[in-house]
Structure formats: structure tokens, C-alpha cells
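Spelled out, the chains give:
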Amino acid sequence: MVRPFGRLYDGMLQAHLQNLRQMAFVTGARQVGKTTTCRAQGSHYLSWDDTDDRRNILKGPAQVASVLALERLSDAAPVVVFDELHKHRRWRVFLKGFFDKFGDRCRVIVTGSSRFDIFRRGGDSLMGRYFLYRMHPLSVGELVRTTPPESAMLVAPPARLPSAKLMALQEHGGFPEPFLHADPAFSRRWRRLRTEQLVRHDLRDLTQIADIDRVATLVELLSNSSATQLNYASLARDLDASVDSIRRWISTLSAMYLGFSVRPWFRNVKKALRKEPRWFLTDWSMVKEPGPRAETLTACHLLKAVQTWTDLGLGDFELRYLRDKAKREVDFAIIRDGEPWFLVEVKRSETVLSPHLAHFQAQTGAAHAFQAVMDLPHVARDCFERRDPCVVPLWTLLSQLP
């Protein structure tokens, strides 16, 4: 399948298929490019949405193996892609049986819509039989290079993204179709249809939530609240629902990749806030105000980095933020193997260094503290050369991340 650009995940999946026997589970937001990427790696493609494929899958692993001619000797193990398999009520049982009996004759990729992650989180009878890869929208780093990071070089040298691509990424987001079209009318229609699909179809079809109308209102409220702290009690009052219901609905929407929450980091931080997460949309192009959009874009890039490093086995990484009761705050903290690694404060144009960076760097012991400014032009210097709090161009910093 021909694509106008390569993806970071091409190399990740190629390395997995060459070196590991486990199945590759690929999850991510709806329309982020999972099916296209996975089909590019596979020699066989079976979709639950195809009537013939579904009939064969329902007959069991032996029937699928026969259709794929796995009894034949081949030069290399064929790669089988199962798409939308989570719609099969007994998909775990099918995969376990197929992998245990035929896993030595082929390599397996399993992918599907964003809903797949909800199903994976249930009782996991497949433990030890798969590795998870979380696929994200396009980012600055992925647009300048598609080589997966390695343990010796988590961050890459800085690289300049051409201005046209940079503008398209800011205005239209990182989902491939609106990014490639770079047309405001197309992007508006695409976002509306994607949100409607998630709320009116995905939630209704595959969750226990009955009150779809109130969840749709919650989606609207969350879409206007990116880069702010979640106030469950306030949302509960607005929607005339219980706080527990709001928490459960937001958890489900997060699992379906509408957005994500970032929790505060409080170890070694005096009088730190502990309970109030911040909410960010997965599609920053939906955020209208420039300041929150810059923070949301940065949050999405940082989350992609920490999940990519973690999925590749390069360490255990988390995305957090810092805030204390004196209202000192730093937007983001990257945690590496349980310790703060670098801090990021996002500004649109402000170049006067925030004193909060030095304050929290001293408390946490983070190696780096960046004030990342969106309006500053790209600089061809490694941000990670600096150990003291410093002002850096946002695009330079983001270009060094996967």
C-alpha cells in the first residue's frame, strides 16, 4: 500500500517481526493510521468486517491456517494482520489458540479501532504472547525522521521541519488525512465526523454506557477544556450526574483516545498537589485558543515520546506535571525509571525565564529544565546539552523526540 510518507511505526514493527516471536498489538486513536501501517507490514490481511474473513475466523484457528496455507514451506514466515478482531466475542480465545498452535509458522499483528484498548484491559489470558505498541498522530520528530529511538540515544539531534509542514501540523493536527489535505474546510468536516463516530457509534456499540446524550455533552465540555485541570465535581453538577459516573465516563473516553489526563508529580516536592489531573485532547487542532493549543500540542508530543520509549523497552517513562500549594507550576515533567528527567514549561512568546523551573529543578533533581517558546525560530543546537534552566525554541525541543 503506497503512502506519501513513512511512519516511525514502520521501523518499530519491522524490528519486532524480525526479532520477536510474540504477537504485535497495535492500538491508537481512530483514523491515526493503524490499518495502513499494519497492512504495509503484512503478507496476509484478515478483517472481521469482511464477511468471508469473519466466516473463516468463526470456524477457528485451523480453518484460518488452512486459508493462509501455513502448512506450506516458505522462505520466510508470513505476516498475518488481524484487523477489528476485538468485535469477535471470543477474540482472546481465538488468538490464544491460533498463536499457540501456529505461532511458529507465521508472525502476527493485531490491530483495530481505538476501542481495541478497552477490550485488551480486561482479564488478559494472552499475557506473555504479545507486546503492545501505542500509535500516535504525526509529530515534529516523526516528520523529520522515522528511525525508532535506541537505548543509547533516546533523544535525537535537532532537525528543522519545513515551514509548510510545521504550519499544517499546528493548524490541522497530526492525524494523517487532515494534515495531508491542509484544508480548513476538510479538517472541520473530518473532526466533526470523527467525534460523531466516537460518541454515537463506538460508545453505543461497545460500552456499558446507556446515557449517550449526557456523555456527548461531556465530550463537548472536555473539547473546550484542554490544558485545564479536571474538576469532577463541577462537571458532575453541570451534567446532573454523580462524580463516580463522570470519572467512569472520562476513563472510557480516555481509553478511546479522545484525550488523556496528566497527573501531578509529588515526590520530593514540598506541599505538592496530589489529586488534580490536567486534561488534554488528542487532537490539538480542536483547541481554539493559542495558549492552550500550544500546551496541548506539546503534551501530545511528550506523551508520544514517553509511550514510545516505554513500548520499545527503553525504560519506564511517565508524563506528569508539577504544582504546589503556593501555585507554583511547571507544565510537564518527564519521569524516567521513577525519577524526574526533564521539565518543560510551555510559552507562546514569553522569553523571560520562569523562576518556577529553577525552583522545581532544585527540588526534583531533574537533569534538564526547559522553557519551550513556540514563537522562537528553530535553533540547530541540542537542547539537552544544557543542565541549567534555559529558554529553547519549542520546535527544536520537539524535533529531538520520537
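Check the entry above for the structure.
Residues numbered from 1 in each chain as written. Predicted model: local features only at pLDDT ≥ 70, side-chain atom pairs only at ≥ 80, totals over all residues. Heavy atoms only, no water.

## Considerations on the overall build of the protein
To be explicit about the condition: Runs of E in the DSSP output that reach at least two residues are strands. Runs of H or I that reach at least four are helices, and both are numbered from the N terminus. For a compact globule the rule gives 2.2 Å times the number of residues to the power 0.38, and the radius of gyration it is set against comes from C-alpha atoms. Any residue under 20% of the maximum accessible area for its type is buried, any over 50% is exposed, and the rest in between are partly exposed; the area is computed with a 1.4 Å probe on protein chains only. When checking whether two residues touch, look at their non-hydrogen atoms; a contact exists if any pair is within 4.5 Å. Here the Shrake-Rupley method, with its probe set to 1.4 Å, supplies the accessible areas, and only the displayed protein chains count as covering residues. Lys and Arg are tallied as positive, Asp and Glu as negative. Neither His nor the chain termini are counted. Where a charge lies is defined by one atom per residue type, namely NZ (Lys), CZ (Arg), CG (Asp) and CD (Glu).
When helices and strands are counted, the protein shows 16 helices and 13 strands. For the protein, the C-alpha radius of gyration of 22 Å lies close to 21 Å, the compact-globule estimate for 402 residues. Oriented by its inertia axes, the alpha-carbon framework of the protein measures out at about 65 × 50 × 45 Å. Expressed as a percentage of the 402 residues in the protein, the buried residues total 55%. In the protein, 67% of the contacts between residues at least 6 apart in sequence involve partners at least 24 apart. Accessible surface for the protein amounts to roughly 18300 Å². Of this, 48% is attributable to carbon and sulfur atoms. Positive and negative side-chain charges in the protein, numbering 58 and 45 respectively, have mean positions lying 3 Å apart.

## Points about the pattern of salt bridges
Filter applied, for reference: One speaks of a salt bridge when a side-chain nitrogen belonging to Lys or Arg is within 4 Å of a carboxyl oxygen belonging to Asp or Glu.
Counted by the stated rule, this structure contains 21 salt bridges. A salt bridge links D52 to R55; the nearest nitrogen and oxygen atoms lie 3.0 Å apart. Taken together, the residues D52 and R55, both in helix α3 (residues 51–58) and three residues apart, mark about one turn of the helix. Residue R55 is classed as partly exposed on the basis of its relative accessible area, which comes to 42%. Across the pair K304 and E142 runs a salt bridge, and its minimum N-O distance is 2.4 Å. In this pair, K304 is assigned in helix α14 (residues 290–311) and E142 in helix α7 (residues 140–144), connecting sequence segments 162 residues apart. Of the two residues, K304 and E142, both sit in the buried class. It is possible to trace a salt-bridge network through shared partners that takes in R278, E295, R323, E329 and D331.

## Topic: the side chain of E142
Convention followed: Any pair of N or O atoms that falls within 3.5 Å is considered a polar contact. Within protein, one atom must be able to donate a hydrogen and the other to accept it, and sequence-neighbouring residues count only if both atoms are side-chain atoms.
On the basis of relative accessible area, E142 is assigned to the buried category, the value being 3%. There is a polar contact of 2.8 Å between the side chain of E142 and the backbone nitrogen of L8. Filtering out sequence-adjacent residues up to four positions away, E142 remains in contact with R7, L8, Y9, P137 and K304.

## Some points on helix α1 (residues 8–19)
Convention followed: Working rule for helices: expected span equals 1.5 Å times residues minus one.
Between its terminal C-alpha atoms α1 stretches 17 Å, which fits the 16 Å expected from 12 residues at 1.5 Å a residue. Restricting attention to buried positions, one finds in α1 the residues L8, Y9, D10, G11, M12, L13, H16 and L17.

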